[in-house]
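# Examination of the molecular architecture
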Amino acid sequence: MFEARVERWLPDLVDGLAALYGAERAAALAADLVGLADEAYRARPDHLHRRDLTRMLRPDWLQDPALVGYAAYTERFAGDLHGVADRIPYLHELGVSYLHLMPLLRPRDGDNDGGYAVADYRAVRADLGSMDDLEALAGRLHEAGISLVLDLVLNHVAREHEWAVRARGGDATYREYFHVFPDREMPDAYERTLPEVFPDFAPGNFTWDDELGGWVWTTFNEFQWDVNWANPAVLREYAGIILDLANRGVDVLRLDAIAFMWKRLGTDCQGEPEVHAITQVLRAVTRIACPAVAFKAEAIVAPTKLLAYLGTGAHTGKVSDLAYHNTLMVQVWSMLATKDVRLAAHTLAALPPKPPTATWLTYLRCHDDIGWAIMDEDAAALGLSGFAHRSFLARWYAGDFPGSPARGLVFQHNPDTGDMRTSGSAASLVGLEAAATPGEVDLAVAALRLAHALVIGWGGIPVIWSGDELGQPNDPDWASEPGHEDDNRWAHRPRLDTARVATRHDRTTVAGRVFEDVAGLVRTRARLPHLHGSVETRIGPVDDPGVLVTVREHPVGRFVGVHNVTPEPRPWYEHRVHALGVADARDELTGEPLPWRHGTVVLPPYGVLWLTTPDT
């Protein structure tokens, strides 16, 4: 079995290494990495070997419509790893089969960027448990049919990581693990084209370190040191880390900050071609040792650059298996703010198709802020100003625009560029937190159902952010925890509200209504092969600016999603219903026939229809 995998994936391994380090070194480096994979294969538990075989026989396992995700910080969801195991029945009720636990490998003490400043990749945070606890949890999840997803930070390590400690101690080998400069000449040259990720509290991209005696590259925070992937020793280190986590039972690795990994003077140092060669090498090593493990690219980049992370050209089918559909997320919120689908329809329709073997990760919210990635050219095509629209969205969702019911927060306002991002839970952003009357509550709950329907009905793997399934608002005390006071993203990372959990089956409560809405969408999705991740979603013609129509063509028939993004009834015209062949269809979500009225289908406020046709 191992030899067959080497034969299959060795060419990908060698080609990727040659692109990174030259053809002369590629063969020797590949032999070393195959040896590393051989050690991991021999150490891999038998039940994981069986998982490898099962998934090799079902290579589309990530595209199954029954696969639905949930993301949470361990401590905020369940206290610790043992608590997560105790909440498996809760996840089952929601229909979850893919659990993403946010960074839990041991970070530096104090401020650690929400866990993304890792001090030890081979240890779990002490307050959450141990690596043995993690392995035991993975086993429990697997028995329950749930895949375990963890973050792997690839761009940087904490200043306290052993590599950085050794570098500061004068070890020349480990100094080469980082980008270190003796003076400002090269940092200043790079800075001319580098953006700032956190301009408020971490301006610039380089930090002077007295112990190191040099300027070290720090894209995110001064305590996060960017590693030097031009050094093959760094790649080998990370290959070993991946294989170790895989043998603990991790199913999917979210490759954090993947876009930033390769540095090139005169560029923004994001998405350079070598990034995809690195991913190809790591994926080939993983496929040889443990092919049940998949990669998810965390690349929040322009739509035109995103598909490269799923594999294009020479890298097709050889890099990440999953990528975040950031454009869909942004356009959902844009539609809800404007009550108009035309910009979303134009933008989403213009996206090129992804590789059929790759899968979108769709989401309404995540742990991070929302960056308003509205492309200037897309806005201009609709007669809009990209800058003005981005500013409008930030103000709308901060509740700083007339008529807005949102209660989000402005994150990282850059006065030089005018850029503003947004923090906030889904419930707070749709107006549920601010709703003061039963009618306002009804509209906000309906808007939240609509937003989840767009994400869950798009195809790919939809991921629900913890608390959104209960309509949980922002944490009003987010700034009271040490280390959180300067980062308002903690407002939308609340601890799961146990009182709301207790009322999740009570439809007289907001939590019960939202939970059943989401669970109902998930249940319906699981029985519709039309939502298989290999199928592309296309945008239907816009007959009414308040109604977005999505169409998916599957061999079993057509899927049509109809979405009213406004708080008012809207028409869906007869000619379009007949043209799509769904005039006699029943709504898959309710089992009810189409709501015809005087020859027109009338959608209620924030109404959603999921319609299917049989294969003819």
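One can find the structure itself at the top, above this paragraph.
Residue numbering note: each chain is counted from 1, following its sequence as written. Local features are withheld for residues below a pLDDT of 70 in this predicted model, meaning they are given only at 70 or higher, and side-chain atom pairs are given and counted only at 80 or more; totals for whole chains, interfaces and linings count all residues. The basis for every side-chain value is the complete set of heavy atoms in the structure, and neither hydrogens nor water enter the calculation.

### Some points on the pairing of strand 20 (residues 547-554)
- Each residue is placed in one exposure class: buried if its accessible area under a 1.4 Å probe, protein chains only, is under 20% of its type's maximum, exposed if it is over 50%, and partly exposed if it falls in between. Secondary structure elements follow DSSP: runs of H or I of four or more residues count as helices, runs of E of two or more count as strands, with numbering from the N terminus. Of all 8 residues making up strand 20, 7 are buried, and the element is well covered by its neighbours.
- Relative to strand 20, strand 19 (residues 537-539) is paired through 3 bridges, and the arrangement is antiparallel. When the sheet's bridge partners are listed, Arg538 is paired in strand 20 with Val551.
- The pairing criterion for strands is at least two bridges between them, as found by DSSP. Examined bridge by bridge, strand 20 and strand 21 (residues 557-564) share 8 bridges and lie antiparallel to one another. Paired with Val549 across the bridge in strand 21 is Val562.
- What sits between strand 20 and strand 21 in their antiparallel hairpin is a turn of 2 residues.

### Points about the side chain of Ser320
- Within the secondary structure layout, Ser320 lies in the loop between helix 13 (303-306) and strand 13 (322-324).
- A relative accessible area of 5% means that Ser320 is categorised as buried.

### Comments concerning the packing of helix 14 (residues 326-338) against helix 17 (residues 386-397)
- What counts as an axis is a line fitted to C-alpha atoms, over the stretch in contact for a helix, and the angles between N-to-C directions run from 0 to 180 degrees. Where helix 14 contacts helix 17, the axes come no closer than 10 Å and their chain directions differ by 75 degrees. Considering their axes alone, helix 14 and helix 17 lie roughly perpendicular with respect to each other. Counted together, Trp333, Ser334, Leu336, Ala337 and Thr338 of helix 14 and His389, Phe392, Leu393, Trp396 and Tyr397 of helix 17 form the full contact between these two elements.
- Partitioning the contact of helix 14 with helix 17 into residue classes produces 7 nonpolar, 3 polar and no charged. Throughout this description, any angle smaller than 35 degrees is read as roughly parallel, any larger than 145 degrees as roughly antiparallel, any in the 65 to 115 degree range as roughly perpendicular, and the remainder as oblique. We call two residues in contact when some of their heavy atoms are within 4.5 Å. Classification convention: Asp, Glu, Lys, Arg as charged; Ala, Val, Leu, Ile, Met, Phe, Trp, Tyr, Cys, Pro as nonpolar; all other residues, Gly among them, as polar.

### Here's the deal with the pattern of salt bridges
- When a carboxyl oxygen of Asp or Glu lies within 4 Å of a side-chain nitrogen of Lys or Arg, that pair is called a salt bridge. Tallied over the entire structure, the rule returns 48 salt bridges.
- Here Arg125 makes a salt bridge to Glu75, at a shortest N to O gap of 3.5 Å. Linking Arg125 in the loop between strand 4 (118-124) and helix 7 (131-143) with Glu75 in helix 4 (residues 74-78), this pair joins segments that are 50 residues apart in sequence.
- The salt bridge partner of Arg254 is Asp151, with a shortest N-O separation of 2.5 Å. Of the two residues, Arg254 sits in strand 11 (residues 252-256) while Asp151 sits in strand 5 (residues 147-153), which places them 103 residues apart along the sequence. Neither residue differs from the other here; Arg254 and Asp151 are each classed as buried.
- Through salt bridges with shared partners, a single ionic network connects Asp113, Asp368, Asp487 and Arg489.

### Some remarks on the nonpolar core
- Formed by 190 residues in total, the largest nonpolar core has its most connected members in Tyr70, Phe178, Trp229 and Trp333.
- The greatest single-element share of this core, amounting to 11 residues, is contributed by helix 19 (residues 438-456).
- Those residues in contact with Phe178, other than ones at most four positions away along the chain, are Val157, Trp163, Ala164, Ala167, Val216, Trp225, Asp226, Val227 and Asn228.
- Joining through side-chain atoms within 4.5 Å is the link that ties buried Ala, Val, Leu, Ile, Met, Phe, Trp, Tyr and Cys residues into a set, and such a set is a nonpolar core. Among the nonpolar cores identified, the runner-up in size contains 16 residues, and Val547, Ala583, Leu594 and Val601 belong to it.

### Quick look at helix 15 (residues 342-350)
- Along helix 15, the residues classified as buried are Leu343, Ala344, Ala345, Thr347 and Leu348.
- Where the residues of helix 15 are buried, they touch helix 14, helix 16 (376-381), helix 17, strand 19 and strand 20.

### Here we look at the packing of aromatic side chains
- The pairing test for Phe, Tyr and Trp rings, Trp by its six-membered ring, is centres within 6.5 Å, and the orientation test on the planes gives stacked under 30 degrees, edge-to-face over 60, and tilted for anything in between. The tally for this structure, following the rule as stated, stands at 27 aromatic pairs.
- Here the aromatic rings of Phe178 and Trp225 are separated by 5.3 Å at their centres, their planes lie at 90 degrees, and the arrangement is edge-to-face. One end of the pair, Phe178, is in the loop between helix 9 (172-175) and strand 7 (180-181); the other, Trp225, is in strand 10 (residues 224-226), with 47 residues separating them in the sequence. Taken individually, Phe178 and Trp225 each receive the classification buried, so the pair is uniform in this respect.

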